[in-house]
Every structure is written in structure tokens, then in C-alpha cells.
Amino acid sequence: MKCKWCNFDNKTLLIKEYKYWRLSLAESQILIGWTHASLKRHILFFEELRDEELIELKKIIMEIKETLNKTFKPDWFNVMQLGNMTPHLHFQLVPRYKEKRIFVGREFIDKSYGRPILDEWIEEDNIFLKKLRNYIKKEMKN
Ligand SMILES: [Zn+2]
């Protein structure tokens, strides 16, 4: 079976390459600014991480939170490691919002703020994803 994360090659989604990880936009943006941190080597479980990978992950979380605080200003932030659909270690980095946010004229509402995320996954088109990626990249320091 072809692993989605081992074969990641989506320039539209990619925000930043790190030594051990890749930071990319999620295809669904029901919560605006939702990103994925995926490890560049194929392992399945959290406890298989090497210390240096864990340290870098912490840095990535700090960077994306800092960037989102300058852009969409989330009220809370979820870090999740699930892997139910693609069992290759990656993290869901999900900003949460008390009130609606607006980006390129569209409203984004966190319908389940204060609770787990509703099981809703709506893929965005490439034009929207490129705009969002460029917006986030611009605010992120290199
Ligand atoms: Zn993989």
C-alpha cells in the first residue's frame, strides 16, 4: 500500500520543511489554519519518536501557534495524533475559535468550540488553499 505521508508531494499544501518534519495545510479548513506536522520517516506510534524529532515537533507547534496568533488569533489549540486513516505518524494541529473568523470573504465558524471537533471534513479547492498557504507562510518566520 502506498503511504500518503511517505509520498507527500503537494506543493499547494506545503508550508515549511524542517529537518525531520513537514508542516502542511490540511485539505479541509473547516477550522481555518488547520495544519499537519508529518514525520519524514515512516513510523506508526508516538513512542517510536527519537528525542531530536520530539524537540523539533515542539518547535513547529510553537511556530505555527505564533503565526496563527498573528493571523486568525485562535482562542484555543488542539494537538492530536490519531492516524486512523493514514497510519504514519503525523499530528493534527488545530486552531479553535470562540467566534467566527473571516478569510477572503468567507466565514469560518467553529461549531463545536469547547468540545471535540465534529466529524466534518470538507476538502477545499487549490485556489483557496494556495491563498491560505501564502498568507500563513508570509507571517511565519523562516
Ligand atoms: Zn509513511
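Residues numbered from 1 in each chain as written. Predicted model: local features only at pLDDT ≥ 70, side-chain atom pairs only at ≥ 80, totals over all residues. Heavy atoms only, no water.

Participant: Can you help me understand the coordination of the zinc ion in this one?
Facilitator: Reference values for angles at a metal are 109.5 degrees in the four-donor tetrahedral case and 90 or 180 degrees in the six-donor octahedral case. On the protein side, the zinc ion has C3 (SG), C6 (SG), H42 (ND1) and H88 (ND1) as donor atoms, found 2.0 to 2.2 Å from it. Donor residues binding the zinc ion come from one chain and are separated in sequence as C-x2-C-x35-H-x45-H. On the criterion of sequence distance, the pair formed by C3 in the segment before β1 (14-17) and H42 in the loop between β3 (35-39) and α1 (51-70) is long-range, its members being 39 residues apart. (Donors = N, O, S within 2.8 Å, 3.2 Å for Na, K, Ca; no water. Helix = DSSP H or I, 4+ residues; strand = E, 2+ residues; numbered from the N terminus.)

Participant: Before we go on, may I ask you to explain the pairing of strand β2 (residues 21-25) in this structure?
Facilitator: If a strand is regular, its side chains alternate between the two faces of the sheet. Counting buried positions along β2 gives five out of five residues, so the element sits mostly inside the fold. Residue alternation in β2 divides its side chains into two sets, W21, L23 and L25 and R22 and S24, and both sets are buried. Of the strand pairs in this sheet, β1 and β2 are connected by three bridges, and their pairing is antiparallel. Counterpart to K16 in the pairing with β2 is L23. Remark: three residues form the turn of the hairpin made by β1 and β2, two consecutive strands paired antiparallel. (Buried < 20%, exposed > 50% of the residue type's maximum accessible area, 1.4 Å probe, protein only. Pairing = 2+ DSSP bridges.)

Participant: Got a minute to help me understand the packing of aromatic side chains in this structure?
Facilitator: One pass over the full model with this rule turns up nine aromatic pairs. Geometrically, the ring pair formed by F103 and Y135 is tilted, given 5.2 Å between the ring centres and 35 degrees between the ring planes. On the criterion of sequence distance, the pair formed by F103 in strand β6 (residues 101-103) and Y135 in helix α2 (residues 126-139) is long-range, its members being 32 residues apart. Judged by relative accessible area, F103 falls into the buried class, the value being 10%. In this structure an aromatic cluster arises from ring pairing among F72, F103, F108, F128 and Y135. (Phe/Tyr/Trp six-rings, centres within 6.5 Å; stacked < 30°, edge-to-face > 60°.)

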